[in-house]
Amino acid sequence: MKKSVVFGALTVAGLAAGAAAAGTLDDVKARGKLNCGVTTGLVGFAAPDANGEWKGFDVGVCRAVAGAVLGDPTAVEFVPTTGKTRFTALASGEIDMLARNTTWTFSRDVDLKFTFVGVNYYDGQGFMVPKELGVSSAKELDGATVCIQTGTTTELNLADFFRSNNISYEPVPIETNAEAQQQYLAGACDVYTTDASGLAATRATFEDPSAHVLLPEIISKEPLGPLVRHGDDNWGDVVRWSLNALITAEELGVTSANIAEMAAGTNNPEVNRLLGTEGTLGEMLGLSADWAKNAIMAGGNYGELFEGNIGEATPIGLARGLNAQWTDGGLIYSPPFR
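To keep things clear, this report deals only with the structure shown in the data block. (Residues numbered from 1 in each chain as written. Predicted model: local features only at pLDDT ≥ 70, side-chain atom pairs only at ≥ 80, totals over all residues. Heavy atoms only, no water.)

## Some words on the packing of helix H3 (residues 57-70) against helix H9 (residues 233-252)
Alright, step 1. At a minimum axis distance of 9 Å, the contact between H3 and H9 shows a crossing angle of 115°. In terms of orientation, H3 lies roughly perpendicular with respect to H9. The two elements H3 and H9 cross, and the hand of that crossing is right-handed. Along the contact surface, H3 presents Ala64, Val65, Ala68 and Val69, while H9 presents Trp235, Val238, Val239, Ser242 and Leu246.
Alright, step 2. Looking at the contact of H3 with H9, its residues break down into eight nonpolar, one polar and no charged. (Axes fitted to C-alpha atoms, helices over the stretch in contact; angles between N-to-C directions. Helix = DSSP H or I, 4+ residues; strand = E, 2+ residues; numbered from the N terminus. Parallel < 35°, antiparallel > 145°, perpendicular 65-115°, else oblique. Left-handed = near helix turned anticlockwise from the far one by under 90°. Contact = heavy atoms within 4.5 Å. Nonpolar A, V, L, I, M, F, W, Y, C, P; charged D, E, K, R; others polar.)

## As for unusual backbone geometry
Alright, step 1. The phi dihedral of Asn101 is positive, around 45°, even though this residue is not glycine.
Alright, step 2. Here Asn101 is to be found in the loop between strand E5 (97-98) and helix H5 (106-110).
Alright, step 3. Residue Asn166 is not a glycine yet carries a positive backbone phi of 55°.

## Remarks on the nonpolar core
Alright, step 1. Counting 58 residues, the largest nonpolar core has Met97, Trp235, Leu275 and Trp291 as the members making the most contacts within it.
Alright, step 2. For this core, the element with the most residues is H3, which contributes nine residues.
Alright, step 3. Setting aside its immediate chain neighbours within four residues, Trp291 contacts Ala68, Trp241, Ser242, Ala245, Leu281, Gly282, Leu285 and Phe337.
Alright, step 4. Listed in part, the 14 residues of the second largest apolar core include Phe127, Val129, Phe162 and Ile167. (Core = buried A, V, L, I, M, F, W, Y, C linked by side-chain atoms within 4.5 Å. Buried < 20%, exposed > 50% of the residue type's maximum accessible area, 1.4 Å probe, protein only.)

And the structure:
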């Protein structure tokens with residue numbers, strides 16, 4: 001969730017420059033495993049289940065990249081990161097990519113020297129309050145205590161919103177979503193603010209989700225997506241086009257149920273290029289011809305990942321909205337595979 005903070009920018013940038021000197025694609029192949037940074041736990045996006053297996057929408061992106069590169073979507077080491085530790089972990093080379101509800105911002109792209117390879121969820125900062133508080137708008141929160149994750153610019157968005165509406169608040173700093181949930185439920189804060197998707201995911205884990213309300217205000221733009229280090233364009237291409245493969249598969253009707261049949265060849269040239277039965281797209285990336293097929297088979301196309309992890313039929317209950325395909329009035333769009 002999360003937004004940019006200026007912390008040790010020069011140090012992070014220096015780490016990124018050094019770590020990117022080597023080829024990440026070659027490193028991942030040689031290691032036989034993808035090191036993927038995720039959140040410390042946000043149900044629906046990235047969290048271990050009762051058996052310790054990581055699952056979620058962002059986890060699906062990690063597994064797709066592992067499938068594309070290694071042919072094995074299970075060859076992933078998930079590295080939990082907080083708002084404070086995620087960028088250092090990526091810059092230092094501890095992780096190969098970050099897939100952690102991270103907002104694409106100018107300073108992160110330019111100053112911290114990271115490359116955002118796309119957007120897998122268009123979001124915005126919102127507010128959650130107990131229903132018993134009787135609040136129907138964030139503009140009624142004058143004097144409220146607000147839980148805010150550190151290592152983000154949630155604080156800046158919040159300060160701007162309250163200042164522009166001439167109301168005051170008392171911040172309650174927290175580091176992880178689990179801590180925020182605990183503090184909020186214990187009454188240490190009246191309000192929890194973060195990305196609206198994160199609020200929906202957090203509320204879904206409550207004993208009585210209906211006792212908590214997501215207020216209507218969305219006070220920021222939060223384009224969330226995976227990122228890699230600057231300076232390793234080949235690896236950036238691999239992660240970017242793995243995500244695009246999931247998006248394009250949904251647009252072209254390629255699913256986990258029919259992909260084996262379609263991989264045998266179709267009369268649609270773009271499907272054939274995507275699945276490797278025509279052209280040399282895999283070779284251009286330094287991957288096998290069936291790299292995109294393996295990425296899609298890891299967990300399904302973009303729509304399958306969305307609906308299976310955070311969609312309206314799940315406890316998270318998120319509608320596609322802006323995250324619908326462009327053909328359905330949304331913003332999800334991939335450049336062509338040609």
